[in-house]
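# Structural characterization, general
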Amino acid sequence: MTAQTYWAEYAWLDGSVRSDVVIVAATDGRITTVRPGCPVPPAGSVTLRGLTVPGLANAHSHAFHRALRGFVQAGSAADPDHHGQGAPDSFWTWRKVMYEVADRLTPESYFELARAVYAEMAMAGITCVGEFHYLHHAPGGIRYGDPNAMGEALIAAAAEAGIRITLLDTCYLSSGFGAEPDEHQLRFSDGTADAWAERVSALKGNGNTRIGAAVHSVRAVPVDQLGTVAGWAEERSAPLHVHLSEQTAENDACVEAHGFTPARLLSDHGVLGPRTTAVHATHLTPGDIRLLGHSATGVCMCPTTERDLADGIGPAAELQRAGSPLSLGSDSHAVIDILEEARGMELDERLHTRARGHWTAPQLLRAATADGHAALGWGEDAGRIEVGALADLTTIALDSVRTAGPPPRLGAETAVFAATSADVRHTVVGGRHVVRDGAHQLVPRVPEALAASIAALHG
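Residues numbered from 1 in each chain as written. Predicted model: local features only at pLDDT ≥ 70, side-chain atom pairs only at ≥ 80, totals over all residues. Heavy atoms only, no water.

Attention shifts here to the overall build of the protein chain. Counting its secondary structure elements, the protein chain contains 15 helices and 16 strands. The C-alpha radius of gyration computed for the protein chain amounts to 21 Å, which stays within 12% of the reference 23 Å derived for 459 residues, consistent with globular compactness. When the backbone C-alpha atoms are referred to their principal axes, the protein chain occupies close to 65 × 55 × 50 Å. Burial statistics for the protein chain: of 459 residues in total, 57% are counted as buried. Considering only residue pairs separated by 6 or more positions, the protein chain has 74% of its internal contacts joining residues 24 or more positions apart. Working note: accessible area of the protein chain is about 17,400 Å², and carbon and sulfur atoms make up 52% of it. Here the protein chain holds 35 positive side-chain charges and 53 negative ones, and the gap between their average locations is 7 Å. (Helix = DSSP H or I, 4+ residues; strand = E, 2+ residues; numbered from the N terminus. Rg over C-alpha atoms; globule rule 2.2 N^0.38 Å. Buried < 20%, exposed > 50% of the residue type's maximum accessible area, 1.4 Å probe, protein only. Contact = heavy atoms within 4.5 Å. Areas by Shrake-Rupley, 256 points an atom, 1.4 Å probe, with all protein chains shown as cover. Lys, Arg positive; Asp, Glu negative; His and termini not counted. Charge placed at Lys NZ, Arg CZ, Asp CG, Glu CD.)

Spelled out as structure tokens, the structure:
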């Protein structure tokens, strides 16, 4: 690509809103100039109207869950008079529908779906996604000719949609403590952690892609296999993610099987640490919180999914005070809106405590940008607008029906507490204008692409 100059009407620089900012992206996609106070856009520059912030990071995604949106809401009421099933819906009934969709995916259909989903993310201002990927094999666990066909489909989809990806290849070996995978989970399993490590080692990163690891959960990776996954990530200085204590049933089963909470089990087997991110961390003991905080283990909160699945409200504020950096993810994609995730973390905490002001807008914006990129292994390169960083930018309108009114100096507060993904006007990745005036420049007709790829899985 050629060098590109942008002129941002307002930009979030060093914790404050600055006006009339020139940002130059070199041919390598990195920022070479950041110069505020330039009231006249330079000749040949591209204007970014609104508040430009570092690109948003979606630290936890399951791309194929996007095909569940709407479908898992139909008939979910417990009251039969409301066309429900006559029994309370839960995470476990939701999971049954999820497995049915997963069973229908092929590398080709997964590429089509993921490209549309990642394009939707770009339109929501997301420039980097952490894909928690466990759908590895064909139905019945049969290996594809390329054992990484499904992961490669995701990598290709992100590239075509114009966003960066950290593929968090996930080890998933068991349906529960001491139980073999069920018929649906055979697609997820490599049999052993050593076989998982051999397969994932063939995946290669590039300028758009980084390869990380994930432990699906303590119920899905036997205790004697945890060290293999943690060791693989340690040897490569790769990010390591894990679903942690999302459901009380998992905690109870772990204590029954091992005598310890999931957090203690992970700590004892070398999984926790500063390159590790625990996802959800909803049901923790005070001791669990100390373990995560003292080890500097990050925590990814996914408020819209945690609400949608009735998981509960996690102790995010306590975790941060204990020493855990926080990131944000859209997880099951009930909605794809990192601004809503940031707002939701604060508002859920308000409901829980009946007090306001747990995080400032700048702190929430950091969780959505710098700390999210750090959780995905891009911390040294992205999440800030400064010379040397990747030119990944998101511009949020300040003149929509949701954002009009507050002065520009309150741009961060307006973006976090009022804006939605619909207010994202521009998305720039590596200096390339991926979304311009709300229109995706690489994937045509994104809504139609989503509709077609999802319909193919429900036909």
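Once the structure has been displayed, the description carries forward.
Within the open sheet, the eight strands sit side by side as 5-6-7-8-9-10-11-12. Their pairing is parallel. Edge strands, defined here as strands with exactly one partner in the open sheet, are strand 5 (56-61) and strand 12 (326-328). Here the strands of the sheet are splayed against their neighbours by 25° on average, with no regard to which way each runs. Pairing between strand 7 (residues 164-171) and strand 8 (residues 209-215): seven bridges, direction parallel. In the sheet register, C171 faces strand 8, and the bridge partner there is V215. Helix 3 (residues 149-161) contacts strand 6 (126-133), strand 7 and strand 8 of the sheet and is inclined by roughly 165° relative to strand 7. Running at roughly 160° to strand 8, helix 5 (residues 226-236) makes contact with strand 7, strand 8 and strand 9 (240-244) of the sheet. (Pairing = 2+ DSSP bridges. Axes fitted to C-alpha atoms, helices over the stretch in contact; angles between N-to-C directions.)

Where helix 2 (residues 107-123) contacts helix 15 (residues 446-458), the axes come no closer than 9 Å and their chain directions differ by 145°. Relative to helix 15, helix 2 is oriented so that their crossing is left-handed. Residues S109, E112, L113, A116, V117, A119, E120 and M123 of helix 2 form the contact with helix 15, whose participating residues are V446, A449, L450, S453, I454 and L457. Here the contact of helix 2 with helix 15 is composed, by residue class, of 10 nonpolar, two polar and two charged. (Left-handed = near helix turned anticlockwise from the far one by under 90°. Nonpolar A, V, L, I, M, F, W, Y, C, P; charged D, E, K, R; others polar.)

Relative to strand 3 (residues 31-35), strand 2 (residues 16-25) is paired through four bridges, and the arrangement is antiparallel. Bridge pairing in strand 3 places V22 opposite R35. Counted between consecutive antiparallel strands, the loop separating strand 2 from strand 3 contains five residues, among which G29 sits at a positive phi close to 85°.

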